[in-house]
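Okay, here's what each chain looks like letter by letter:
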Amino acid sequence: MSREIKFKYWDEITEGDTITRVEMDVPFERVVLDAASTQDYFPGHHNPDYARHQGQKNIYLNTMAIEGFIDRVVTDWAGPHTFIRKRQMQMRASIYAGDVMSGEGRVEKRYQENDRYLLDLSVLISNQDGPCVPASLTIELPLKASVA
């Protein structure tokens with residue numbers, strides 16, 4: 001499966017633009033492998049009994065996996081030349097094995113700071129039960145005129 005690579009440029013974006021929705025299945029194996037690949041061996045990420053003992057319904061994604069998905073939502077929309085300057089998020093609900101995770105957002109602010117062309121974005125990560133992780137990011141993009 002190949003995806004078309006899209007490039008957005010700062011001078012083509014306006015405040016209020018929509019960040020395209022991205023969806024991803026979260027099978028049991030992904031939750032475990034994400035935790036293992038980031039060396040996060042907290043039992044809630046791989047042991048269903050432990051997770052349920054914590055009051056969770058199943059094992060759940062770790063923070064780094066969700067951060068990576070937030071970044072994917074933004075870079076799938078803006079393109080591989082996106083530079084993420086800042087990311088903040090609030091973990092309000094867990095994303096469990098078996099869920100379908102989605103992310104979408106909007107451009108909140110477009111501005112210039114020194115020689116940087118910046119965008120402030122809001123992104124919301126959800127599962128089928130509703131919102132889980134609101135995030136805000138500041139990204140830098142090039143001008144189209146400087147790339148042409």
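In case you missed it, the structure is sitting above this.
An account of the accompanying structure is given in this report. Given the structure is predicted, the values throughout are model-derived calculations rather than measurements.

Thresholds applied
- For every chain, the first residue of the written sequence is number 1, and numbering continues from 1 onward in sequence order.
- Local features in this predicted model are restricted to residues whose pLDDT is 70 or higher, and side-chain atom pairs enter the listing and the counts only when it is 80 or higher, whereas totals over whole chains, interfaces and linings include all residues.
- Only hydrogens and water are set aside; all other atoms, that is, all heavy atoms of the structure, feed into the side-chain values.
- Helix and strand definitions here come from DSSP, where helices need a minimum of 4 consecutive H or I residues and strands a minimum of 2 consecutive E residues; each element is numbered from the N-terminal end.
- Relative accessible area decides the class of each residue, using a 1.4 Å probe on protein chains only: under 20% of the type maximum gives buried, over 50% gives exposed, and in between gives partly exposed.
- N or O atoms closer than or at 3.5 Å make up a polar contact, with two conditions inside protein: a donor-capable atom paired with an acceptor-capable one, and, for residues adjacent in sequence, both atoms drawn from side chains.
- Whether two residues touch is decided by their heavy atoms; if any such pair falls within 4.5 Å, the residues are in contact.
- Stacked, tilted and edge-to-face pairs are distinguished by plane angle, under 30 degrees for stacked and over 60 for edge-to-face with tilted covering the rest, among Phe, Tyr and Trp rings (Trp via its six-membered ring) whose centres lie within 6.5 Å.
- Lysine and arginine charges are scored as sitting over a ring when NZ or CZ, respectively, is within 6 Å of the ring centre and within 35 degrees of the ring normal.
- The rule for pairing is simple: two strands pair if DSSP sees at least two bridges between them.
- The axes are straight lines fitted to the C-alpha atoms, using for helices just the contacting stretch, and the angles between their N-to-C directions are given from 0 to 180°.
- A helix is expected to span 1.5 Å multiplied by its residue count minus one.

One non-glycine residue, Gln-39, lies in the positive phi region at around 55°. The residue Gln-39 is located in the loop between helix H1 (28-37) and helix H2 (48-53) in this model. Located in the positive-phi region is Asn-114, a residue other than glycine, with phi close to 55°. Summarising the element assignment, Asn-114 is placed in the loop between strand E3 (99-113) and strand E4 (116-127). Overall, Asn-114 belongs to the exposed group, its relative accessible area being 72%.

Locating Asp-120 in the fold gives a position in strand E4. Polar contacts involving the side chain of Asp-120 include one to the side chain of Thr-138, which spans 2.8 Å. Filtering out sequence-adjacent residues up to four positions away, Asp-120 remains in contact with Arg-106, Val-107, Glu-108, Lys-109, Tyr-111, Leu-137 and Thr-138.

Aromatic ring pairs are defined here through the distance separating the ring centres and the angle between the ring planes. For the coordinates displayed, the defined rule picks out two aromatic pairs. Ring plane angle 55° and centroid distance 4.9 Å describe the contact between Trp-10 and Tyr-117, whose orientation is recorded as tilted. With a gap of 107 residues between them, Trp-10 in the segment before strand E1 (18-26) and Tyr-117 in strand E4 connect regions that are remote in the sequence. Judged by relative accessible area, which is 9%, Trp-10 ranks as buried. Centre to centre, the rings of Phe-42 and Tyr-50 are 5.5 Å apart; their planes meet at 90°, and the pair counts as edge-to-face. Accessibility expressed as a relative area gives 32% for Phe-42, which makes it partly exposed. Positioned above the aromatic ring of Tyr-111, the side-chain terminus of Lys-109 is 4.6 Å from the ring centre.

Our next topic: the sheet that holds E3. The strand order across the open sheet built from five strands is E1-E3-E4-E5-E2, with neighbouring strands paired in antiparallel fashion. Edge strands, defined here as strands with exactly one partner in the open sheet, are E1 and strand E2 (83-89). On average, adjacent strands in this sheet sit at an angle of 25° to one another, irrespective of strand direction. Pairing between E2 and strand E5 (residues 130-140): six bridges, direction antiparallel. Paired with Lys-86 across the bridge in E5 is Thr-138. Of the strands in this sheet, E1, E2, E3, E4 and E5 touch helix H3 (residues 63-78), which is tilted by about 140° from E1.

The next subject is H3. In an α-helix, one turn spans 3.6 residues; hence positions three or four apart end up facing the same way. With 16 residues, H3 extends 23 Å from end C-alpha to end C-alpha; this agrees with the ideal 22 Å at 1.5 Å per step. Of the surrounding elements, those touching the buried residues of H3 are E1, H1, E2, E3, E4 and E5. The first or second residue beyond H3 is Gly-79, which carries a positive phi of 110°.

For the rest of this paragraph, the subject is the environment of Gly-98. Relative to the elements of secondary structure, Gly-98 occurs in the loop between E2 and E3. For Gly-98, a relative accessible area of 62% corresponds to the exposed category. Not counting residues within four places of it along the chain, the set of residues in contact with Gly-98 comprises Val-26 and Pro-27.

Attention now goes to the side chain of Glu-140. Secondary-structure assignment places Glu-140 in strand E5. Here the side chain of Glu-140 touches Arg-85 through a polar contact of 2.6 Å, side chain to side chain. Those residues in contact with Glu-140 that lie beyond four places of it in its chain are His-81, Thr-82, Phe-83, Arg-85, Arg-116, Tyr-117 and Leu-118.

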